[in-house]
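Below are the chains, spelled out letter by letter.
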Amino acid sequence: MKNNYLKVFALSVFMLFASCISSKVDVPYSATSREIVQMAQTEFNNGMYHRALAYYSTLLQRYGNDNAVYVEGRYEIAHIYIKQKKYSQAKPMLEEVIELYNSMPPGSLPGAFKKLAQNDLAKIPG
């Protein structure tokens, strides 16, 4: 139950933050979560971090109720912040991802993002 409150609170805070992102991206309403992730990854690979963040924001707005999508979106946003050296923004998101893994039954979330979050968290100075 605590896990659900944490997730709802974090999603609410993120939705407020996401509404402030200045980059607008056009995502068809018919786009699946995987298609949005691919759009975000393409922008990330092209160094267009602000656009990738906007895609991940859309992903969480539309599909964030799915635990697997939520964890992936939150991790990817934190990872972009790590790349931008915005450690104070990345750290709580990475800690949240790890906490979600620790509070949910094993196997209920995609395996990779816990380790990726731990690796990115270790990159934060101090």
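Report on the accompanying structure. (Residues numbered from 1 in each chain as written. Predicted model: local features only at pLDDT ≥ 70, side-chain atom pairs only at ≥ 80, totals over all residues. Heavy atoms only, no water.)

## Things to note about helix H3 (residues 49-63)
Next up, step 1: If you check H3, its first and last C-alpha atoms are 20 Å apart, about what 15 residues at 1.5 Å a residue would give, namely 21 Å.
Next up, step 2: Those residues of H3 lying buried are Ala52, Leu53, Ala54, Tyr55, Tyr56, Ser57, Thr58, Leu59 and Leu60. (Helix = DSSP H or I, 4+ residues; strand = E, 2+ residues; numbered from the N terminus. Expected span 1.5 Å × (residues − 1). Buried < 20%, exposed > 50% of the residue type's maximum accessible area, 1.4 Å probe, protein only.)

## Let's talk about the packing of helix H4 (residues 67-83) against helix H5 (residues 87-103)
Next up, step 1: The contact between H4 and H5 brings their axes to 8 Å, and the two run at 150 degrees. With respect to H5, the element H4 is oriented roughly antiparallel. Crossing handedness for the pair H4 and H5: left-handed. The residues of H5 that touch H4, namely those facing Tyr70, Val71, Arg74, Tyr75, Ile77, Ala78, Tyr81 and Ile82, are Tyr87, Gln89, Ala90, Met93, Leu94, Glu96, Val97, Leu100 and Tyr101. (Axes fitted to C-alpha atoms, helices over the stretch in contact; angles between N-to-C directions. Parallel < 35°, antiparallel > 145°, perpendicular 65-115°, else oblique. Left-handed = near helix turned anticlockwise from the far one by under 90°. Contact = heavy atoms within 4.5 Å.)

## Side note on the environment of Val37
Next up, step 1: The residue Val37 is located in helix H2 (residues 33-45) in this model.
Next up, step 2: The exposure class of Val37 is buried, given its relative accessible area of 7%.
Next up, step 3: Apart from the residues lying within four places of it in its own chain, the contact partners of Val37 are Tyr56, Leu59 and Glu72.

## A look at unusual backbone geometry
Next up, step 1: The backbone phi angle of Lys85 is positive, close to 60 degrees, even though this residue is not glycine.
Next up, step 2: Relative to the helices and strands, Lys85 resides in the loop between H4 and H5.
Next up, step 3: On the basis of relative accessibility, which here comes to 59%, the residue Lys85 falls in the exposed class.

## Brief notes about the pattern of salt bridges
Next up, step 1: Under the defined criterion, the tally for this structure stands at four salt bridges.
Next up, step 2: Of the charged contacts, one joins Arg74 and Glu96 as a salt bridge, the two residues approaching to 2.7 Å between their closest N and O atoms. Of the two residues, Arg74 sits in helix H4 while Glu96 sits in helix H5, which places them 22 residues apart along the sequence.
Next up, step 3: The salt bridge partner of Asp120 is Lys123, with a shortest N-O separation of 3.3 Å.
Next up, step 4: Asp120 gets classed as buried once you look at its relative accessible area, which sits at 2%.
Next up, step 5: Given the relative accessible area of 47%, Lys123 is considered partly exposed. (Salt bridge = Lys/Arg side-chain N within 4 Å of Asp/Glu carboxyl O.)

Don't take any of this as a statement about function, it's just geometry.
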